[in-house]
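Below, each chain spelled out in residue letters.
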Amino acid sequence: VSGVRGGADTFPHGISAKLKSQYTHIKEEFYTATNLPIITPHNFEEFVARTKPFGKLHFQERCSGSARLSLTMMCNGMTISFPADYRYGWNMTSHEHQAMLNRYRKEIGIAVTAWSPTCTPWSIACRTLDSKTKAANREEQMPFLNWMVHDIEVTVASGDDAFVENPKGSDIWRTEPAKARSQT
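What you are looking at is a predicted structure, and each value in this text was computed from that prediction instead of being measured. (Residues numbered from 1 in each chain as written. Predicted model: local features only at pLDDT ≥ 70, side-chain atom pairs only at ≥ 80, totals over all residues. Heavy atoms only, no water.)

Draft legend 1. Local environment of helix α6 (residues 131-157). Look at α6: 37 Å from first C-alpha to last across 27 residues, which is about the 39 Å you get at 1.5 Å a residue. Maximum bend of α6: about 40°, positioned at Met142, with proline Pro143 one to four residues after it. Considered for burial, the residues of α6 that qualify are Lys134, Arg138, Gln141, Met142, Phe144, Leu145, Trp147, Met148, Val149, Asp151, Ile152 and Thr155. Downstream of α6 by one or two residues, Gly159 has phi in the positive range, about 90°. (Helix = DSSP H or I, 4+ residues; strand = E, 2+ residues; numbered from the N terminus. Expected span 1.5 Å × (residues − 1). Bend = angle between axes of the 7 residues up to and from the residue. Buried < 20%, exposed > 50% of the residue type's maximum accessible area, 1.4 Å probe, protein only.)

Draft legend 2. Spotlight on the pairing of strand β1 (residues 57-62). With respect to burial, β1 is a largely interior element, 5 of its 6 residues being buried. Both β1 and strand β2 (residues 110-115) contribute to a ladder of 5 bridges, which runs parallel. Among the inter-strand pairings, Gln60 is bridged to a residue of β2, identified as Thr113. (Pairing = 2+ DSSP bridges.)

Draft legend 3. The packing of aromatic side chains, seen in detail. On inspection of all chains with the given rule, the structure shows 13 aromatic pairs. An angle of 55° between the planes, with centres 6.2 Å apart, marks the rings of Phe144 and Trp147 as tilted. In this pair, Phe144 and Trp147 both sit in helix α6, 3 residues apart, roughly one turn of the helix. Judged by relative accessible area, which is 7%, Trp147 ranks as buried. (Phe/Tyr/Trp six-rings, centres within 6.5 Å; stacked < 30°, edge-to-face > 60°.)

Draft legend 4. Representation of the packing of helix α3 (residues 44-51) against helix α5 (residues 95-108) in the model. α5 packs onto α3 with a crossing angle of 5° between their chain directions and a minimal axis gap of 11 Å. Relative to α5, α3 is oriented roughly parallel. Contacts between α3 and α5 involve Phe44, Glu45, Phe47, Val48 and Thr51 on the former and, on the latter, Met100, Arg103, Tyr104, Glu107 and Ile108. (Axes fitted to C-alpha atoms, helices over the stretch in contact; angles between N-to-C directions. Parallel < 35°, antiparallel > 145°, perpendicular 65-115°, else oblique. Contact = heavy atoms within 4.5 Å.)

Draft legend 5. Looking closely at the pattern of salt bridges. Throughout the structure, instances matching the rule amount to 9 salt bridges. Measuring nitrogen to oxygen at the nearest pair gives 3.4 Å for the salt bridge that ties Arg62 to Asp151. Of the two residues, Arg62 sits in strand β1 while Asp151 sits in helix α6, which places them 89 residues apart along the sequence. Here Arg62 and Asp151 have matching classes, each one buried. With its nearest N and O atoms 2.8 Å apart, the salt bridge here joins Asp151 to Arg105. Here Asp151, found in helix α6, pairs with Arg105, found in helix α5; they are 46 residues apart in sequence, far enough to count as distant. Exposure remark for Arg105: the relative accessible area of 8% places this residue in the buried category. Connected through salt bridges with shared partners, the residues Glu45, Lys52, Arg103 and Glu107 form a single ionic network. (Salt bridge = Lys/Arg side-chain N within 4 Å of Asp/Glu carboxyl O.)

Any functional reading would require information that these geometric values do not contain.
Structure, rendered in C-alpha cells:
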C-alpha cells in the first residue's frame, strides 16, 4: 500500500491546534515500530482492495491514540486491521470517514473492535470546569458517541465483539448512548 511510513502524524484537515497538542504527550507506537504505510482515508481504498482476499480480521483499534494495543495484538500473532485515529487522518466525527469504516466492517469483517474514546470531557478532573464549558465539551462528543454505540450494536448483532476503554469513574458511562447500550 502506498503512503507515508513510520510514526508521522497525519491529522485530518480542520482539527484544532488544541487537539493536535494533546498528541504531543502520546507517543505513536504502531507505525513507528512496524514501519508500515500509515492507512489514512487517502489510501484506504487501496488498502481494502489488497486486504479483502485475506477475509475477516481478528482486531481493529479505533480512537487508538498510541496504537499500542494494535502493536501488541500484531506482535502476538493476530491478523489486525489498521488503527483508526485522528493522528492517522481519521476524523471520527466525519460522516464520510464513519461511512468508510462502516463499509470496511461490512466488507472485510472484524472479530473484535476496541474503542478508546477521549476521556477528557468525562473525567473526574473535568468536574472542576464551569458547567457551561463542561456541557459544551460533552455535547460536542455526542454525535461521535452515538455513532460508536451504533457501530458496537452492529458489531454485536453480527456475532462479533467490541469493547470500550474508559475509566470506571468516567461520566461517559452515564451518557444516553452508553446507558442505552448497557441495557441491551
